[in-house]
There are 4 protein chains.
Amino acid sequence: MALQVSVVGSGAENEQRAETVGRLLAERGATVVTGGRGEVMAAAARGAKSAGGTTIGILPGETRDGANPWLDHVVVTGIGHARNLAVVASGDAVIAVGGRYGTLAEIGFALTLGRPVVVLEPGWEVEGTQRARTPLEAVEFALAAARHISDT
Amino acid sequence: MALQVSVVGSGAENEQRAETVGRLLAERGATVVTGGRGEVMAAAARGAKSAGGTTIGILPGETRDGANPWLDHVVVTGIGHARNLAVVASGDAVIAVGGRYGTLAEIGFALTLGRPVVVLEPGWEVEGTQRARTPLEAVEFALAAARHISDT
Amino acid sequence: MALQVSVVGSGAENEQRAETVGRLLAERGATVVTGGRGEVMAAAARGAKSAGGTTIGILPGETRDGANPWLDHVVVTGIGHARNLAVVASGDAVIAVGGRYGTLAEIGFALTLGRPVVVLEPGWEVEGTQRARTPLEAVEFALAAARHISDT
Amino acid sequence: MALQVSVVGSGAENEQRAETVGRLLAERGATVVTGGRGEVMAAAARGAKSAGGTTIGILPGETRDGANPWLDHVVVTGIGHARNLAVVASGDAVIAVGGRYGTLAEIGFALTLGRPVVVLEPGWEVEGTQRARTPLEAVEFALAAARHISDT
């Protein structure tokens, strides 16, 4: 099984950086997991597909409505915002790119579960997360942390 | 139906303040909703019962194991940390007393759903929350915000 | 804490029997737990309130929209149909009055979790459930099973 | 995106038939979605991998513990039995192979959400499901129903 990295966040202004994150993850062989919808989620998946990677979207609703078109596999949870728990739990590491309150919940859940969290600056400042200045740094931090977890 | 206020948080050092919050809420006729377990959750429920109030605990597991003894009604969700969503969604307002990452997820969810959030200082600093210096201030802010929401 | 009995089901044709079930449960001191919405859920809560009982509704959405007016306490889960798990997990026993596929999921979950299930005839025929011919029989079977569980 | 078919059920005595179901689905290009654990879930994934197919496991816990080794992608939900909703919601169709109460909940949820359900005999008898006598028949029924849904 490939490493899985969850990319969370929102905000149209963060799409370009999210797309780069997705592409860099795919180039390094990691599967990109997201919440499956628009903005940062769509951009990360689009970036991963541009590099021939694999993408999984974990949707909140009861159907695939609202899924972005860059998903290889779609998980339809039917549990609304509680799917945020599944998004971060499914990652060996989590990268947050922008985002508002839903992202804050995801960071809280990821840290509760012991998943490494990298915040691509600017972004939520939460003790216990690692901060990255560039998409490349975010991806390298996340993969290093994920491999460290996998080894232990 | 009485107003319902969710009290979230953790940390043994916050129990006394949480108990005061619970008592003050009950004295003002609000039902106290918590995650149903120990520390802040137990203290808030204990405080509410000391004033003859009503308490609801929303548990993460599949049984009542771990429930504190100050609950009038217990909801057993079976959904683990995702029950944090139900805890805050069930409040007309939310008061956070201390707490770590689970509380951060609850604050994120509460703000996502538009529930007013009062943070009793010291505590997580999150834009969009109201800060209170004392339990009394926290309770008054929460009830004012809850009534404002109910009126609109 | 009072015994909690979950009443599940649907169908306008089952409302009268559900109301009797709710009333009989309340007369015997049990709290009535339901999914909080219409038809059987509303009727069971209405019956409980007619006897001065206590009612809890566990709603699927992110707000109280759709809650029936006979609820003392409302839990807003935000997890859609997955709240069916919480409805049955919160009961010391479960009584099914009519119902279609959502009720079948609830019976499946209740039996998975070891909750006693009484089906008021006619209704889903599932091995492992107890069948009752009248509301009174359903209530007596449910309370006996709930007390048996509580004692062990 | 490939069609996704969820295979649910349990019971060691059903593993051989589940493995055939998984293999036949993969041979026809469908992705196999399961609850990610043992018995029928493991057998279906193993069958799919034997034919070079793609498999997704949707786990109940907060880690990958208990995942079978035939999964390409693992979704860790953290929501316990409520993940059954996600398992069936993620399928364009659902095939039930044996199974006990958890499977009954899955059938109930699938029918609630309008997903076509094929029961490989013997198995739960539920109105609204289609019955198949052989794994081949189950797969053909499921794919025909899934394509019919996708076309509408």
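As a reminder, the structure under discussion sits directly above these lines.
The sections below set out a description of the structure shown in this document. Fair warning: this is a prediction, and the values are worked out from it, not measured in the lab.

Attention shifts here to the layout of surface pockets. Sizing a probe to match a water molecule and rolling it over the atoms shows the empty space that remains. Residue and element names in this part refer to chain B. In this structure, the largest pocket encloses a volume near 360 Å³. As for the largest pocket, its lining consists of 22 residues, of which Met41, His81, Arg83, Asn84 and Gly102 are closest to the centre. Elements with a contribution of two residues or more to the lining of the largest pocket: β1 (4–10), α2 (39–50), α3 (83–89) and α4 (101–112).

Here the focus is the packing of aromatic side chains. For the structure shown, the criterion picks out six aromatic pairs over all chains. Ring plane angle 40° and centroid distance 6.1 Å describe the contact between B:Tyr101 and B:Trp124, whose orientation is recorded as tilted. Residue B:Tyr101 is found in helix α4, and its partner B:Trp124 is found in the loop between β6 (117–120) and β7 (130–132); the two are separated by 23 residues along the sequence. Here the two residues B:Tyr101 and B:Trp124 agree in accessibility, since each one is buried. Over the ring of A:Trp70 we find A:Arg46; its NZ or CZ atom is 4.8 Å from the centre of that ring. Note that C:Arg100 overlies the ring of C:Tyr101, its terminal NZ or CZ placed 5.0 Å from the centroid.

All names here are of chain C. Along the chain, threonine 129 turns up in the loop between β6 (117–120) and β7 (130–132). In this structure threonine 129 comes out as buried when scored by relative accessible area, which is 16%. Polar side-chain contacts of threonine 129 include one of 2.7 Å to the backbone oxygen of valine 126.

According to the stated counting rule, one finds 29 salt bridges over all chains in the structure shown. A:Glu121 is paired through a salt bridge with A:Arg131; the nearest N and O atoms lie 2.9 Å apart. Of the two residues, A:Glu121 sits in the loop between β6 (117–120) and β7 (130–132) while A:Arg131 sits in strand β7, which places them 10 residues apart along the sequence. Residue classification places A:Glu121 among the partly exposed positions, given a relative accessible area of 31%. Using a relative accessible area of 27% as the deciding quantity, one classes A:Arg131 as partly exposed. Where C:Arg28 meets C:Glu27, a salt bridge forms, and the shortest distance between an N and an O atom there is 3.8 Å. For C:Arg28, a relative accessible area of 35% corresponds to the partly exposed category.

Cut-offs and rules
Residues numbered from 1 in each chain as written. Chains lettered and ligands numbered in written order. Predicted model: local features only at pLDDT ≥ 70, side-chain atom pairs only at ≥ 80, totals over all residues. Heavy atoms only, no water. 1 Å grid on protein atoms, 1.4 Å probe; cavity = no way out; pocket = protein on both sides within 12 Å on 5 of 7 lines; lining within 4 Å. Points joined across faces, edges and corners; volume = space filled by probe spheres on them. Helix = DSSP H or I, 4+ residues; strand = E, 2+ residues; numbered from the N terminus. Phe/Tyr/Trp six-rings, centres within 6.5 Å; stacked < 30°, edge-to-face > 60°. Buried < 20%, exposed > 50% of the residue type's maximum accessible area, 1.4 Å probe, protein only. Lys NZ or Arg CZ within 6 Å of the ring centre and 35° of its normal. Polar contact = N/O pair within 3.5 Å; in protein donor to acceptor, adjacent residues only side chain to side chain. Salt bridge = Lys/Arg side-chain N within 4 Å of Asp/Glu carboxyl O.

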